[in-house]
Amino acid sequence: MKKNLLKIASVATLSLALAFGMLSCKKEKSDVKTVIVGTGSDSKLYCYLDEKGELAGFEIDVMKAIDELLPQYKFEFQTFDFKNILLALSAGKIDIGAHMYESNPERRKNYLFTEYGYNDFSKYIVVLKENKDVQSLKDLVGKTAQASTGSATGAILQHWNEDHPNEKINAVLTSALTNEQVVAAMKNGTYDAFFSNIPSFNLLQKEYGGIFRLVEEPISTSASYFIFNLDNPELKKDVDGALKQLIDSGELAKIAIRDLGSDTTQNINK
């Protein structure tokens, strides 16, 4: 009889322990907040679909590394055209914008930026190799230059034309173009120039046999940042902390070398 009572007590204790464990597990899971990251899927090196149809690239890998350092969050990715990411962020459909965003006064009015840049995103003029005339923005006066709608380079072109009403550049702002589209437009003379950062330029040169020339001086020196709505400072603070860990540990530099071919992080936060 005593043995049976002990057995019943043991089973009851085990059942309570299991039940408590399940409740604890449920509580832990309920404490994890889902964060929606808005990004693109058509930017080689940075955010694109790999051969398995899965998101890949530097932006994605940095976000995943940040997620691993923040157990209170679970990051999920949604893809948009570049011009629609900020619209989705403003509408509350996503929590983080991750698509090589550069800082400018207009964006700073509407969004929070990480305290630290995570990638050198300085922009350069790109022309055909045989074009020796273009050495600066001024040399594009009267010529046609392509930039993406909503991009920092698009804003630079617009500001140039506002400041130089008698020396305008024919600025063509388009949705994000594939490398194939850019190359075709440059070859047939639709565009005289476009803009690129160094890793993307190096990839383009490799793919198309070195047909372009990068103008030596950048038209903008900047870094890229993750962005948040103004009413989400806690998420920004947590991402800042994780990003700082990646920078200090050297992990961010390793991701850049692996994904972009060089350390594009070394001078941006100095």
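Cut-offs used in this document
- Residues numbered from 1 in each chain as written.
- Predicted model: local features only at pLDDT ≥ 70, side-chain atom pairs only at ≥ 80, totals over all residues.
- Heavy atoms only, no water.
- Helix = DSSP H or I, 4+ residues; strand = E, 2+ residues; numbered from the N terminus.
- Contact = heavy atoms within 4.5 Å.
- Areas by Shrake-Rupley, 256 points an atom, 1.4 Å probe, with all protein chains shown as cover.
- Core = buried A, V, L, I, M, F, W, Y, C linked by side-chain atoms within 4.5 Å.
- Buried < 20%, exposed > 50% of the residue type's maximum accessible area, 1.4 Å probe, protein only.
- Salt bridge = Lys/Arg side-chain N within 4 Å of Asp/Glu carboxyl O.
- Arc of directions from axis to C-beta.
- Pairing = 2+ DSSP bridges.

**Student:** How should I be thinking about the overall build of the protein in this particular structure?
**Tutor:** Regarding its fold elements, the protein presents nine helices and 14 strands. Partitioning the contacts of the protein with sequence separation of at least 6, the portion at a separation of at least 24 is 73%. Counting every atom, the protein has about 14900 Å² of accessible surface; 53% of that belongs to carbon and sulfur.

**Student:** Would you mind showing me how to read the nonpolar core here?
**Tutor:** It is characteristic of soluble globular proteins that their nonpolar side chains tend to be buried jointly. Ranked by size, the top nonpolar core spans 31 residues in total, and within it F58, I66, F75, I96 and F226 carry the most contacts. Listed by contribution, the elements that provide at least two residues to this core are β1 (33–39), α2 (58–68), β5 (73–79), β6 (96–102), β14 (223–229), α8 (233–249) and α9 (251–260). Each residue touching I96, except ones within four places of it in the same chain, is listed here: V35, I36, V37, G38, M63, F75, L89, F226, I227, F228, L235 and V239.

**Student:** Would you mind going over the pattern of salt bridges with me for this structure?
**Tutor:** For side chains of opposite charge, pairing can occur when their charged atoms come near one another. Overall, the coordinates contain eight salt bridges when judged by the stated rule. When the shortest N-O distance is used, the salt bridge between K236 and D240 registers 2.6 Å. With a gap of four residues between them, K236 and D240 both fall in helix α8, about one helical turn apart. Taking relative accessible area as the criterion, D240 reaches 7% and is therefore assigned buried. Salt bridges sharing partners connect three or more residues here, namely D61, R258 and D259.

**Student:** Could you clarify how one ought to interpret α9 in this entry?
**Tutor:** Residues separated by three or four positions in an α-helix point in the same direction, a consequence of the helix having 3.6 residues per turn. What α9 keeps buried is the set L252, A253, I255, A256, D259 and L260. For α9, the arc enclosing every buried residue in end-on projection is 160°, short of the 170-degree limit, so these residues lie on one face. For α9, the exposed residues set more than 90 degrees away from the buried face come down to K254 and R258. Looking at the packing, one finds that the buried side of α9 touches α2, β8 (119–120), α7 (198–207) and α8. The first or second residue beyond α9 is G261, which carries a positive phi of 90°.

**Student:** How do you make sense of the pairing of strand β10 (residues 144–148) when you look at a structure like this?
**Tutor:** With four of its five residues buried, β10 lies for the most part within the structure. Sheet topology places β10 next to strand β11 (residues 170–174); five bridges connect them, and they run parallel. Across the sheet, residue T144 finds its bridge partner in β11, namely N170.

**Student:** For this particular structure, what's the right way to read the environment of G38?
**Tutor:** With respect to the helices and strands, the residue G38 is situated in strand β1. Judged by its relative accessible area of 0%, G38 is buried. On a C-alpha basis, the gap between G38 and T79 in space is 5.8 Å, while along the polypeptide they are 41 residues apart. Among all residues touching G38, those that are not within four sequence positions of it are Q78, F80, I85, I94, I96, G97 and A98.

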